[in-house]
Amino acid sequence: MKSIKECVCPLNIGFIGTGVMGASVVKHLIKAGHELFIYTRTAEKAAPLIELGAVWLESPKLVAEKAEVIFTMVGYPKDVEEVYFGDNGILHHAKEGAVVVDMTTSQPILAERIYKEAVKNGVQSLDAPVSGGDIGAQNGTLSIMVGGERKVFDELAPIFDLFGNTIVYHGEAGAGQHAKMCNQIVVASNMIAICEALIYAKGAGLDQEEMLRSVTTGAAGSWALSNLAPRIIKGDYAPGFYIKHFVKDMRIACEEADRLDLDLPGLKLTLSKYEQLEDEGHGNKGTQALYELYDR
C-alpha cells in the first residue's frame, strides 16, 4: 500500500463500532472526503452515517478487505478480541500494509498482542484510545493517546488531526492504553469531587449554578466540571460516556495497578461506587449519574 503521507487522494477507511463517539468521528472523516466503510451490528443504527455516504458492510472481514486504514471503537476487551482475532476478524483479512487503529479503551497487554499478530500478517498497528466524550467527538477536539511504532504514528497524524486536537505519541504498543488508564484515574477521582461539591452546595443552601460560576475558572476547573456538572444540575444523565464502560475502564486500571504493585485507593473507591450504580441497573446512563448516589 502506498504511504499515507504520499496519498493526495481520499483514503478507503474502515470504521468498526459507530456508537456515541464513533459515529461523530466517522462524520469528520467523511467531511474530509475519505471513503468510509463501516460495520456495526445493525445497519439501522448506522442509517444517519449511510445517508452521509458511508457504506455499511456485514462483517469486520468485509471492512478489512476494503480499507487501507481500519479504526475500531467497540465496547469491551472481549469485543476487541473478536473483531481482531475472530474468524471474520480484521487481522485475518486486512490488506498487506494496511494500518489498524484500536481506539477502544482496552487492556495494554491486548494492544501488545494485536501489534505482534499484525506484524506477522504484514499489517501495521496502533493503539489510540481517546478522551473527550461525546462533545469532544462532535467538535473534533478529542485527546488521542497513541502507542505503536513512531513512523506509523507520524504517517497517520493527518488523519488524527481530523477529529483530535491533542494528539500525543507515548511509546511502543500498549503505551497509548497505559496513558488512557492515567486519564481514567484522574476522571474517576474528579467525578467524586464534582458530585460532593454539588451536594455540599445544595446542603449549604447555595445556588449550584452560581457555585459553578465561581469554581470552574479557578484552580478547581476541569473539563468534567465545565461539561458534566451543568448536566447534573439539569438532571441530564444521558451518556456522553456510559457508566458500564467506565466500570470496565476502572477495572482494567485496577488490574494494571496490581500488576505494577501500586496501591490506588481513590480509584478503588470510585470503582466501588460506579459498580453500585451498575448493579442497580444504571449502566447505560452517563458517568455524571454518580450524583444520584449522593442525592438520595
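Preceding this paragraph is the structure being described.
Residues numbered from 1 in each chain as written. Predicted model: local features only at pLDDT ≥ 70, side-chain atom pairs only at ≥ 80, totals over all residues. Heavy atoms only, no water.

### Some points on the state of the cysteines
Okay, so step 1: Scanning all chains against the criterion turns up zero disulfides.
Okay, so step 2: Between C182, a cysteine without a disulfide, and C254, which holds the nearest cysteine sulfur, the sulfur-to-sulfur distance is 13 Å. (Disulfide = S-S within 2.5 Å.)

### A few points about the packing of helix α9 (residues 175-203) against helix α10 (residues 208-215)
Okay, so step 1: Direction vectors running N to C along α9 and α10 enclose 125 degrees, while the axes themselves pass 9 Å from each other. Taken together, the axes of α9 and α10 lie oblique to each other. Two packed elements cross with a definite hand, and for α9 against α10 that hand is right-handed. Between α9, through A197, L198, I199, A201 and K202, and α10, the contact on the second element is made entirely by Q208, M211 and L212.
Okay, so step 2: Classifying every residue of the contact of α9 with α10 by side-chain character gives six nonpolar, one polar and one charged. (Axes fitted to C-alpha atoms, helices over the stretch in contact; angles between N-to-C directions. Helix = DSSP H or I, 4+ residues; strand = E, 2+ residues; numbered from the N terminus. Parallel < 35°, antiparallel > 145°, perpendicular 65-115°, else oblique. Left-handed = near helix turned anticlockwise from the far one by under 90°. Contact = heavy atoms within 4.5 Å. Nonpolar A, V, L, I, M, F, W, Y, C, P; charged D, E, K, R; others polar.)

### A few points about the environment of V119
Okay, so step 1: Considering the arrangement of structural elements, one finds V119 in helix α6 (residues 108-120).
Okay, so step 2: Remark: the alpha-carbon pair of V119 and E96, spanning 23 residues in sequence, is separated by 9.8 Å.

### Structural notes on unusual backbone geometry
Okay, so step 1: For D261, which is not glycine, the phi torsion reads 60 degrees and is therefore positive.
Okay, so step 2: By the element assignment, D261 lies in the loop between α13 (243-259) and α14 (265-279).

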